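Coordinates in review
In case you want the letters, here they are:
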Amino acid sequence: MTAKLFKVKVNGQHELTVDASEGTLLDALEKHQLEVHYHCKSGFCGACRSKLKSGSVRYLTDPLAYVRKGDFLPCCCVPESDLDIEH
Amino acid sequence: MSYSTFNQEQTNPLAEPMFFGNSVNVARYDQQKHSIFEKLIEKQISFFWRPEEVDVSRDRVDFNKLTASEKHVFISNLKYQTLLDSIQGRSPNIALLPIVSLPELETWIETWSFFETIHSRSYTHILRNLFSDPSEIFEDIVINDQIKLRANDISRYYDDLIFYTQLWQTHGEGKVTVEGVEHNVTRRELKKKLFLCINSVNALEAIRFYVSFACTFAFAERELMEGNAKIIRLIARDENVHLTSTQHMINLWQDGEDDPEMAEIAEELADEAYEIFMTAVKQEKQWAHYLFKDGSMIGLNESMLCQYVEYIANLRMQAIGYDAPFPERRSNPLPWMNKYLVSDNVQVAPQEAEISSYLVGQIDSSVDASDLGDFDL
């Protein structure tokens, strides 16, 4: 698969380059050795709930956890554009 | 207002609120007001497991090697979890089924409660393996002051809702005196009791289990009581699904996506709901203190457990629209917990075991030349 690279800004301090063709956004945060919050990693518990300040994401599986306005679940999505997030 | 097991009035389930509308008649799922509950049913059923599938026989050897204070931690947690699941195995059914109005939610409630009964049976499975007669452990659950204190706070919101629902079903709305006490039964009062009850259950599913989970997984980190850990992982996975359902109910009410009166009540009782949660947080910290009263265990102590309760309370409160109550606790003090809570890693067949001592009935066929070093020909 060809790489789909996006810039992801995390907590206003880290700038990562994330390949949307490789794993979920949460995987990417982990790979960059940021402290990640999660439990199920499958979209049903909501423990990874984060704020999406700008940009858009695409879910690989539909989240079952309640996603409040402005929130998203990085464990089951990939970036669709450059992102600015709070995790 | 008496309950009918098959309401013969023609109703439109798409226009009903989750609770206190018309009672459900046809169990149909072709049209759904809140389809999330059927998705949760599917997810939960896909997680079906039986306690007997998990071999806990090695745990007995491990248990006998534990220190007295570690045994206290292990057994106390099992007692507490037995209490929690005793309540959860029946209460959603008794309290919520008589007032539910959507077929998909009704079926979710039954599925939820059923899985809690699997958890209850698994505690007996674990204890029967450790003791030839576990009855002393079970009998202590209704005597032990530490457990009773928690039991009271968990069951009272359910009991209150159940009692008022019974009054409403038998007398309808209005004032009614029972055993010398006057009760004013109104639909709004009932809805308030429901709101508080769901918030109390949400706190239960959100944090009450996690002190016990942390101890179990801390033992497993030392390769002790791994059969038990495997069962608790399955339980933790189920509890996360249950938690999602109570978070959905609370958020749907808050957002006015269900019953406009419940949106008002959610606002009116926001502080009380917050207090219910914070009381649970306080009680869990006290529980951590009780667990470690005779000494801590390797890798875990009271202070770390309390920090974990605060960390997880932040996640849970934000999930239902509150600010993090412990803003200084942003980091996970027990990062190893996560590997036990990941759903993908839960073993579904014996041959998939990752914990090597639980390759049930399997043979370790790897032979290194050094294994034969002692042989002389």
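Definitions and limits used
Residues numbered from 1 in each chain as written. Chains lettered and ligands numbered in written order. Predicted model: local features only at pLDDT ≥ 70, side-chain atom pairs only at ≥ 80, totals over all residues. Heavy atoms only, no water. Helix = DSSP H or I, 4+ residues; strand = E, 2+ residues; numbered from the N terminus. Rg over C-alpha atoms; globule rule 2.2 N^0.38 Å. Buried < 20%, exposed > 50% of the residue type's maximum accessible area, 1.4 Å probe, protein only. Contact = heavy atoms within 4.5 Å. Areas by Shrake-Rupley, 256 points an atom, 1.4 Å probe, with all protein chains shown as cover. Lys, Arg positive; Asp, Glu negative; His and termini not counted. Charge placed at Lys NZ, Arg CZ, Asp CG, Glu CD. Axes fitted to C-alpha atoms, helices over the stretch in contact; angles between N-to-C directions. Left-handed = near helix turned anticlockwise from the far one by under 90°. Nonpolar A, V, L, I, M, F, W, Y, C, P; charged D, E, K, R; others polar. 1 Å grid on protein atoms, 1.4 Å probe; cavity = no way out; pocket = protein on both sides within 12 Å on 5 of 7 lines; lining within 4 Å. Points joined across faces, edges and corners; volume = space filled by probe spheres on them. Buried area = accessible area lost by both parts, 1.4 Å probe. Salt bridge = Lys/Arg side-chain N within 4 Å of Asp/Glu carboxyl O. Polar contact = N/O pair within 3.5 Å; in protein donor to acceptor, adjacent residues only side chain to side chain. Disulfide = S-S within 2.5 Å. Pairing = 2+ DSSP bridges.

So, about the overall build of chain B. On a plain count of helices and strands, chain B comes out with 14 helices and two strands. In terms of C-alpha radius of gyration, chain B reaches 23 Å, essentially the compact-globule figure of 21 Å for 377 residues. In terms of its C-alpha atoms, chain B occupies a principal-axis envelope of roughly 90 × 45 × 45 Å. Here chain B holds 377 residues, and the buried ones make up 57% of them. Within chain B, contacts between residues separated by at least 24 positions form 77% of all contacts whose residues are at least 6 apart in sequence. As displayed, chain B has an accessible area near 16500 Å², and 48% of this comes from carbon and sulfur atoms. A distance of 3 Å separates the average location of the 34 positive side-chain charges in chain B from that of its 59 negative side-chain charges.

Let us now look at the packing of helix 8 (residues 187–208) of chain B against helix 10 (residues 226–254) of chain B. All names here are of chain B. The N-to-C vectors of helix 8 and helix 10 enclose an angle of 145 degrees; their axes lie 9 Å apart at closest approach. You can see that helix 8 and helix 10 cross each other, and the crossing is left-handed. Taking contact as the criterion, the partners of L194, F195, I198, N199, V201, N202, E205 and A206 in helix 8 are, on helix 10, E239, H242, L243, T246, Q247, M249, I250 and W253. Broken down by class, the residue content of the contact of helix 8 with helix 10 amounts to nine nonpolar, five polar and two charged.

A separate point is the layout of surface pockets. When its volume is computed, the largest pocket comes out at roughly 560 Å³. The wall of the largest pocket is formed by 22 residues, among which R49, K51 and H87 of chain A together with Q318 and R330 of chain B lie closest to the centre. Counting residues per element, the lining of the largest pocket draws most heavily on helix 13 (residues 302–319) of chain B, which supplies four residues.

Here the focus is the interface of chain B and chain A. Contacts between the two partners involve 34 residues from chain B and, on the opposite side, 16 residues from chain A. Where chain B abuts chain A, roughly 1900 Å² becomes buried across the two surfaces, and 52% of that area is made up of carbon and sulfur atoms. Summed over the shared surface of chain B and chain A, the number is zero salt bridges. Looking at the side of chain B that touches chain A element by element, the count peaks at nine residues for helix 10 of chain B. Class assignment of the residues belonging to the side of chain B that touches chain A gives a composition of 14 nonpolar, twelve polar and eight charged.

Residues and elements named next belong to chain B. Take N25: it is sitting in the segment before helix 1 (36–46). At a separation of 2.9 Å, a polar atom in the side chain of N25 contacts the main-chain carbonyl oxygen of N7. Apart from residues lying up to four places away in sequence, N25 is in contact with F6, N7, E9 and T11.

Take the state of the cysteines next. Residue and element names in this part refer to chain A. If you walk through the whole model with that rule in mind, you get zero disulfides over all chains. Cysteine C75 is unpaired, with the sulfur of C48 as its nearest cysteine sulfur at 3.8 Å. C75 gets classed as buried once you look at its relative accessible area, which sits at 7%. Counting only cysteine sulfurs, C76 is the nearest neighbor of C77, a cysteine outside any disulfide, at a range of 6.2 Å.

For a regular strand, the rule is simple: side chains alternate between the two faces of the sheet. All names here are of chain B. The pairing of strand 1 (residues 174–178) with strand 2 (residues 181–185) spans five bridges and is classified as antiparallel. Residue pairing in the sheet places K175 in a bridge with N184 of strand 2. The loop that links strand 1 with its antiparallel partner strand 2 comprises two residues; one of these, E179, has a positive phi angle of about 50 degrees.

The next subject is the sheet that holds strand 7 (residues 83–86) of chain A. Residues and elements named next belong to chain A. Within the open sheet, the five strands sit side by side as 2-1-7-3-5. Their pairing is mixed. Two strands close off the open sheet at either side, each with one partner strand: strand 2 (14–19) and strand 5 (71–72). One ladder, built from six bridges, connects strand 1 (residues 5–10) with strand 2; its direction is antiparallel. Looking at the pairing, K9 lines up with E15 of strand 2.

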